[in-house]
Amino acid sequence: MKLFMSASIAEKQRFVETDERNIKQQQQQQMQMQMQQQQEALQAQMQDKQAEREFKDSMNQRDNETKIVVAEINSQAEMAILQLKNHMTAEDELNDGIEPDDYSQEAKDRLMEQMREFDARLKLDRDKLEFDKQKSKEDLEIKRIKARSGGTKK
């Protein structure tokens, strides 16, 4: 009878030890999963920041490019105005202040065409910038969704 009881106690002890090992393994697995999730969340956060930096850099580049284009167009317009004034002054000295309508209208037409081209380029740049902003927002949202859902799934 003692042999039966001691076998039973030994068996129960083995069950307890096995359960304890299983519990420890499960705890270790849970800790590993939590660490992996934290790493993935950190990585997603870093990717978001990188995307944001790239987006800001892109915006700054576009802003600088637009400023350069505006400066060039303003310079061309000022040159056209100066040419028109110089021509008008030369004409005034030669023709008693009477300016020919053809040249004056031609200069105005050139200036209007330059302004129209500038407006078209500016609108194109704005549309392109808006598209890039929207695309960047969508990319960031996709990355955030992936990060929340536990990383990339293959």
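Refer to the preceding data block for the structure.
Trainee: Sorry, what's going on with the overall build of the protein chain here?
Mentor: Helix and strand counts for the protein chain stand at two helices and zero strands. When contacts within the protein chain are restricted to residue pairs at least 6 apart in sequence, those whose partners lie at least 24 apart make up 67%. Surface accessibility of the protein chain: about 13400 Å² in total, with carbon and sulfur atoms responsible for 54%.

Trainee: Would you mind showing me how to read the pattern of salt bridges here?
Mentor: When charged atoms on two side chains of opposite charge get close, those side chains can pair. All chains considered together, the criterion is met by eight salt bridges. Ionic pairing is found between Lys-56 and Glu-52, a salt bridge with its closest N-O pair at 3.5 Å. Separated by four residues within a single helix, Lys-56 and Glu-52 lie in helix H1 (residues 2–95), roughly one turn from each other. We classify Glu-52 as partly exposed; its relative accessible area is 38%.

Trainee: I tried to follow the side chain of Asp-48 on my own but got confused; where do I start?
Mentor: Note that Asp-48 resides in helix H1. Excluding its chain neighbours within four sequence positions, the residues that come into contact with Asp-48 are Leu-140, Lys-143 and Arg-144.

Trainee: Which parts of the structure should I look at to understand the environment of Gln-47?
Mentor: Mapped onto the elements, Gln-47 comes out in helix H1. The class for Gln-47 is partly exposed, based on a relative accessible area of 35%.

How each quantity is defined
- Residues numbered from 1 in each chain as written.
- Predicted model: local features only at pLDDT ≥ 70, side-chain atom pairs only at ≥ 80, totals over all residues.
- Heavy atoms only, no water.
- Helix = DSSP H or I, 4+ residues; strand = E, 2+ residues; numbered from the N terminus.
- Contact = heavy atoms within 4.5 Å.
- Areas by Shrake-Rupley, 256 points an atom, 1.4 Å probe, with all protein chains shown as cover.
- Salt bridge = Lys/Arg side-chain N within 4 Å of Asp/Glu carboxyl O.
- Buried < 20%, exposed > 50% of the residue type's maximum accessible area, 1.4 Å probe, protein only.

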